[in-house]
Structure formats: C-alpha cells, structure tokens
Amino acid sequence: MIDFESLLFNIDINARRIPRPGSLLVAEPFLRERYFHHAVICLVDYEPRGSAMGIVLNSRTSYTLQDLLPAVKSGRPIPIYCGGPMSCDRLYFMHTLGDLIPNSRRVCDGLWIGGDFDTMLSIVNDGYLLDGHIRFFLGYSGWDADQLDGELLKSVWAVTDIPSIDELLSGEEDSYWHRIVRTMGAHYRGWLYHPRNPHSN
C-alpha cells in the first residue's frame, strides 16, 4: 500500500550535504517567504559557518533590460529576474560565455557571473541568442555568518548539483522549480504534488 501522507508531507532533507559555489539551493515546498517561494538559488559564495551569497534564478520581474538600460538596442524584450532582496538597485548577470566576456568571475565549471559591461552590451546588441547563455538579475540573496547553515539544519533548503549548465539559464517560475526537483531523486518526489497555494486543495 502506498503511504500517500509520507509521500506528500515528508520533507526530511539531508542537511549533511555541504554546499559550495555552484550548488543549487532548492526551496522546500512550504516556504512562503515572498522572495523565496519555489525559488532555486545558485550559490556564488559560500564559507562553512560564514556568510553566503546567491542568485535566485527563476523569479521573473515585469522589467526588461530595455527598461533599465537605454543603450540596449535589441528589438526583443530581454527579461529581468529578481536575484533576491539585497541591493535591488543593482544589476547582475550570470552567463555561460566564460572568457568571451573579460573579467568575468567563475562560479563553477561552465558558469560565470559579471564581467566587462561594454562587452556584454555588444553581445546583446549584436543579436546573439541569450536564452540559456546570459540572464540578468536585480538584487541578490545574502546570508550573514552561520545564517545559511542554520537554515539548512532547519530543512529550509535542499542542496543539489546543477543538473545541466545548458538549461540553467532557461525557464522560470514554478515550472523551473519542478524541473529541478524532478532531477533530485525519488526522496523528493512528494514535493511535486504540493500546490503553490495550499488552500487550493
């Protein structure tokens, strides 16, 4: 007999998995905090028992890059995502282009953050395919010393590896979170059945 209660409500996360730059933090399904409901965060910096920084990958805003940067001449609207509640007046970008954008900072194999702004702007204006290669964010997510470690012990986040660099900067919102959870194995299968609004059941 299938134990549906355990399947749906078991959110016992293996908190012993140590995150590192490039790890994904996947929000547990009951987390209703405004910036982090069904969030998938890519860690940029992490020190055990220290501070941490990450970027929410899948929370799209109503802004486009053209709204923020008049120098952007592309005719296609380029979406902006909310990277988190910190420094929401600053624009960040993550990409898979490596040394094609000088002064980029490597996060992990195949993924970089930031770099030369004029080069990035030229790539955008020259009409290169951006989906899957460059994504733009307002703000970031930050944790003080020991804060993220405490949240991990409370099972706020599951830690997982990037399943595919090629798909990391594609997709958005709930469907993105579900796509990542499906790669995390049978232990997390019950997460997929939680409605976004618990009162809709």
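Remember, predicted model here, so these are calculated numbers, not experimental data. (Residues numbered from 1 in each chain as written. Predicted model: local features only at pLDDT ≥ 70, side-chain atom pairs only at ≥ 80, totals over all residues. Heavy atoms only, no water.)

## A closer look at helix H6 (residues 173–182)
Then, in step 1: All of the buried residues in H6 are Tyr176, Trp177, His178, Ile180 and Val181.
Then, in step 2: Against strand S1 (24–27), strand S2 (40–46), strand S9 (134–143), strand S10 (157–160) and helix H5 (165–168) lie the buried residues of H6. (Buried < 20%, exposed > 50% of the residue type's maximum accessible area, 1.4 Å probe, protein only. Helix = DSSP H or I, 4+ residues; strand = E, 2+ residues; numbered from the N terminus. Contact = heavy atoms within 4.5 Å.)

## Examining helix H3 (residues 117–125)
Then, in step 1: When we look at burial in H3, the residues that qualify are Met120, Leu121, Ile123 and Val124. Viewed along the axis of H3, the buried residues span an arc of 160 degrees, placing them on a single side of the element.
Then, in step 2: Considering only its buried residues, H3 is in contact with helix H2 (65–68), strand S6 (86–95) and S9.
Then, in step 3: Here H3 starts with a cap whose side-chain oxygen sits 3.4 Å from the backbone nitrogen of aspartate 118, and that cap is aspartate 116.
Then, in step 4: At the exit of H3 stands glycine 127, carrying a positive phi of roughly 85 degrees. (Arc of directions from axis to C-beta. Polar contact = N/O pair within 3.5 Å; in protein donor to acceptor, adjacent residues only side chain to side chain.)

## Brief notes about the nonpolar core
Then, in step 1: Counting residues in hydrophobic clusters, the biggest one holds 44 residues, and the most contacted among them are Leu25, Leu57, Met94, Leu111, Leu148 and Trp157.
Then, in step 2: With 6 residues, the top contributor of residues to this core is S2.
Then, in step 3: With near-sequence residues (within four places) excluded, leucine 111 lies in contact with Cys42, Met94, His95, Arg105, Arg106, Ile162, Ile165, Leu168 and Leu169.
Then, in step 4: Leu65, Leu69, Met120 and Ile123 belong to the second largest nonpolar core, which has 16 residues in total. (Core = buried A, V, L, I, M, F, W, Y, C linked by side-chain atoms within 4.5 Å.)

## Let's talk about the pairing of strand S7 (residues 105–108)
Along a regular strand, successive side chains alternate from one face of the sheet to the other.
Then, in step 1: Looking at chain direction, S7 and strand S8 (residues 111–113) are connected through 3 bridges and run antiparallel. Within the sheet, the bridge partner assigned to arginine 106 lies in S8 and is tryptophan 112.
Then, in step 2: The hairpin formed by S7 and S8 contains 2 residues between the paired strands, and glycine 110 there has a positive phi angle of roughly 85 degrees. (Pairing = 2+ DSSP bridges.)

## Considering the pattern of salt bridges
In a structure, side chains of opposite charge can pair up when their charged atoms sit close to one another.
Then, in step 1: Summed over all chains, the structure comprises 6 salt bridges.
Then, in step 2: Here arginine 105 and aspartate 45 are joined by a salt bridge, their closest N and O atoms 2.1 Å apart. A residue pair is termed long-range when its members are at least 10 positions apart, and arginine 105 in strand S7 and aspartate 45 in strand S2 qualify at 60 residues.
Then, in step 3: For aspartate 45, a relative accessible area of 26% gives the class partly exposed.
Then, in step 4: A salt bridge links arginine 49 to aspartate 146; the nearest nitrogen and oxygen atoms lie 3.5 Å apart. With arginine 49 in the loop between S2 and strand S3 (52–56) and aspartate 146 in the loop between S9 and helix H4 (147–153), this residue pair connects regions lying 97 residues apart in the sequence.
Then, in step 5: A relative accessible area of 33% places aspartate 146 in the partly exposed class. (Salt bridge = Lys/Arg side-chain N within 4 Å of Asp/Glu carboxyl O.)

## A short note on the confidence of the model for the protein
Then, in step 1: Summary statistics for the protein give a mean pLDDT of 90 and a share of 88% for residues scoring 70 or more.
Then, in step 2: Throughout residues 1–9 the model reports pLDDT below 50, and contacts reaching past four residues in sequence, or to other chains, amount to 9 contacts. (pLDDT = per-residue confidence, 0-100.)

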